[in-house]
Amino acid sequence: QVQLVESGGGLVQAGDSLTLSCTASGRTVSSVAIGWFRQAPGKEREFVGLINLSGPDIYTDSVKGRFTISRDNAKNTVYLQMNSLKPEDTAVYSCASFNSGLYYRSSSYAYWGQGTQVTVSS
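No experiment lies behind these values; they were computed from the predicted model shown.

Trainee: Break down the state of the cysteines for me, with residues and values.
Mentor: Joining two cysteines, a disulfide is a covalent bond between their sulfur atoms. Overall, the coordinates contain one disulfide when judged by the stated rule. The side chain of Cys-22 participates in a disulfide bridge whose partner is Cys-95; the two sulfur atoms lie 2.0 Å from each other. Residues Cys-22 and Cys-95 are joined by a disulfide whose S-S torsion is about 75 degrees; by sign, that bridge is right-handed. Here Cys-22 is found in strand β3 (residues 18–25), whereas its partner Cys-95 is found in strand β9 (residues 91–98), with 73 residues between them in sequence. Summarising the burial analysis for this pair, Cys-22 and Cys-95 share the class buried.

If you want it as structure tokens, here you go:
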């Protein structure tokens, strides 16, 4: 079983940067693709990005050029670097381990972290 723990959320102003961490146990992050999702109040969970085992990483259009996902195998941690944050980025951000299926669907992921709140003020 994989356990994922997110951290790094907080309250920032528009234009600021923030880095979220997703630390895994039970499996190495080098052996599984990790996705990031977010859910704003009253909205459905939304795919943010995916760091692949091979091939290019994938980002939703609204964060392309602003968000970057990276992996530190030594720390068994995946990061979501968020730059130029906007109020519409406000959400609970969760990481998840990819299982199979379409990368942008929540049902394609097997294990989830508890989420971390990101609030961007205007």
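From this point, the narrative continues.
Trainee: Outline the pairing of strand β5 (residues 46–51), supporting the account with residue identities and numerical values.
Mentor: Of all six residues that make up β5, five are buried, and the element is covered over most of its length. Taken together, the five bridges between strand β4 (residues 34–39) and β5 define a ladder with antiparallel strand orientation. Looking across to β5, one finds that Ile-34 is bridged to Ile-51. As consecutive antiparallel partners, β4 and β5 are separated by six residues, and within that stretch Gly-42 has a phi angle of approximately 75 degrees, a positive value. As paired strands, β5 and strand β6 (residues 58–59) are joined by two bridges and run antiparallel to one another. Across the sheet, residue Gly-49 finds its bridge partner in β6, namely Tyr-59.

Analysis parameters
Residue positions are given per chain, counted from 1 along the sequence in the order it is written. Totals for whole chains, interfaces and linings use every residue, but because this is a predicted model, local features are given only for residues with pLDDT of at least 70 and side-chain atom pairs only at 80 or more, for both listing and counting. Only hydrogens and water are set aside; all other atoms, that is, all heavy atoms of the structure, feed into the side-chain values. Any cysteine sulfur atom paired with another within 2.5 Å is treated as part of a disulfide. Helix and strand definitions follow DSSP, with helices as H or I runs of at least four residues and strands as E runs of at least two, each counted in order from the N terminus. Each residue's exposure class comes from its accessible area (1.4 Å probe, protein chains only) as a fraction of the maximum for that residue type: buried when under 20%, exposed when over 50%, partly exposed otherwise. We call two strands paired when DSSP finds no fewer than two bridges between them.

These figures come from the coordinates and say nothing about function on their own.
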